[in-house]
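Coordinates in review
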Amino acid sequence: MAAPAPVALLLLTAAAVAAVAPAAAELPRLEHHPHRGDDGSVSLLVVGDWGRHGAYNQSMVAAQMGVVGEKMDIDFVISTGDNFYKNGLTGVDDKAFEESFTDIYTAKSLHKPWYTVLGNHDYRGDALAQLSPVLRKVDSRWICIRSFVVSAEVSDFFFVDTTPFVLKYWTDPKNSKYDWRGVSPRETYIANVLEDLEEALKQSTATWKIVVGHHAIRSVSEHGDTQELLQHLLPILKAHGVDLYLNGHDHCLEHISSRDSPLQYLTSGGGSKAWRGVQTANADKVEFFYDGQGFMSLRLAAAPAPAEASLAFHDVAGNVLHTWALAKPAARY
Ligand SMILES: *[C@@H]1O[C@H](CO)[C@@H](O)[C@H](O)[C@H]1NC(C)=O
């Protein structure tokens, strides 16, 4: 009994979905020319889970970032999200923006672009406020886009908005309210982000490919692995030879290496409150785990060959806790 009504209904539903959900499109792409010029190398810091008006050692982490940022002559900073606790910003005029960002990261070396993704706590407030270019009038460093690419010569950075992937934020009635404007419906949004990311990765000719998201793919801390990212995001990263995945969410510093690919999982979520006292096992290889505050530094170079990546984790007292380096032969670019 194939009546025409269900077909019409189906078409109507598809049209309604297309009207509210942004279609797959090219990710916004920003060019960042490393300022040293001579060797084209790029240096940066990575911090996550920070905005608490300086409390829980946020100010101490910020001070050390200033010191390391100057020593490394950094090009920019990456924030892995959960920028403002506990519930993001209330609007573009929320004073937390200045009190937790502008007034905290004051060192001269940190007056560089901050390429930023949203975390789940940012979605609990006015998520659109953090994405608004209006904030750049308050502090020109702030560059927060949902998913985008920063092309920095030797390295491409692919920023992915991971919060909508996590099913429990949508379904658990005990969960806080999330600002899904411009995101819902979830399935369409995720499919589009993955398609856009895959296209951008395919087009990338950079020596280093680095993906940034708020949630961990691999983690041994409180939140552990993110199943939705293992399932949907990880296969794309492996298929396109991504070198590093950077995230926050777990309030710690950690380095886990993939057992069946060159991918390194790096958590830099120690921007303020930490010390959860949880460490679990992981299917991949745990290289380093620190349950306290701090941040990560990273330097990427292509010339002279072989290309070199080196990273370090730093604590609030200025100690280097862990380092890792890789020389990549030209055949693998
Ligand atoms: C601040 O950092 C020190 C040194 O790591 C640590 O002992 C202390 O517990 C931290 N304070 C807070 C509130 O996390």
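Bear in mind the structure is a predicted one, so any value in this text is a computation, not a measurement. (Residues numbered from 1 in each chain as written. Predicted model: local features only at pLDDT ≥ 70, side-chain atom pairs only at ≥ 80, totals over all residues. Heavy atoms only, no water.)

Re the overall build of the protein
Going by this rule: Secondary structure follows DSSP: runs of H or I at least 4 residues long count as helices, runs of E at least 2 residues long count as strands, and numbering of each begins at the N terminus. We compute the radius of gyration over the C-alpha atoms and compare it with the globule rule, which gives 2.2 Å times the number of residues raised to the power 0.38. Buried means the residue's accessible area, taken with a 1.4 Å probe over protein chains only, is under 20% of the maximum for its type, while exposed means over 50%, and partly exposed covers the values in between. Contact definition: two residues touch when any of their heavy atoms are within 4.5 Å. Methods summary: accessible areas were calculated by the Shrake-Rupley approach with a probe of 1.4 Å, and residue burial reflects only the protein chains presented.
The helix and strand tally for the protein stands at nine helices and 15 strands. The globule rule puts the C-alpha radius of gyration for 333 residues at 20 Å, and the 20 Å found for the protein is close to it. Across its three principal axes, the protein shows a C-alpha extent of roughly 70 × 50 × 40 Å. Across the 333 residues that make up the protein, the buried fraction comes to 57%. In the protein, the proportion of contacts linking residues at least 24 apart, taken out of those at least 6 apart, comes to 73%. Accessible surface for the protein amounts to roughly 13,900 Å². Of this, 57% is attributable to carbon and sulfur atoms.

Some thoughts on the UniProt feature "domain: Calcineurin-like phosphoesterase" (unreviewed entry) in the protein
Rules: UniProt positions are given in the numbering used here, feature names are shortened, and annotations may be inferred rather than shown by experiment.
In this structure's numbering, the residues bearing the UniProt feature "domain: Calcineurin-like phosphoesterase" (unreviewed entry) are residues 44-252. Annotated as 31% helix and 16% strand, the span residues 44-252 places its first and last C-alpha atoms 19 Å apart.

Comments concerning the UniProt feature "binding site: Fe cation 2" (unreviewed entry) in the protein
We count it as follows: The term polar contact refers here to a pair of N or O atoms within 3.5 Å; inside protein, the definition further demands a hydrogen-donor-capable atom paired with an acceptor-capable atom, and it admits residues adjacent in sequence only when both atoms are side-chain atoms.
The feature "binding site: Fe cation 2" (unreviewed entry), as annotated in UniProt, sits at D82, N120, H214 and H249 in this numbering. Annotated residues spanning 168 residues; largest pairwise C-alpha distance 8.3 Å, indicating a single compact cluster. Take N120: it is sitting in the loop between β4 (114-116) and α4 (127-131). The exposure class of N120 is buried, given its relative accessible area of 4%. Ignoring any residue separated from it by four or fewer positions in sequence, one finds N120 in contact with D82, T163, Y169, Y178, H214, H215 and H249. Its location among the elements puts H249 in the loop between β9 (244-247) and β10 (253-257). Among the polar contacts made by the side chain of H249, one reaches the side chain of N120 at a distance of 3.2 Å.

A closer look at unusual backbone geometry
For the peptide bond that leads from S184 to P185, omega is 5°, which places it in the cis range. P306 follows A305 through a cis peptide bond whose omega is 0°. Among the structural elements, P306 can be located in the loop between β13 (294-301) and β14 (307-315). The backbone of D49 shows a phi angle near 60°, a positive value even though the residue is not glycine. As for its placement among the helices and strands, D49 is situated in the loop between β2 (42-47) and α2 (58-72).

As for the side chain of N282
Along the polypeptide, N282 turns up in the loop between β11 (264-268) and β12 (285-290). Taking relative accessible area as the criterion, N282 reaches 14% and is therefore assigned buried. Polar side-chain contacts of N282 include one of 2.9 Å to the side chain of D225. Separated by 2.9 Å, the side chain of N282 and the backbone nitrogen of D284 make a polar contact. Excluding its chain neighbours within four sequence positions, the residues that come into contact with N282 are R218, S219, V220, D225 and I256.

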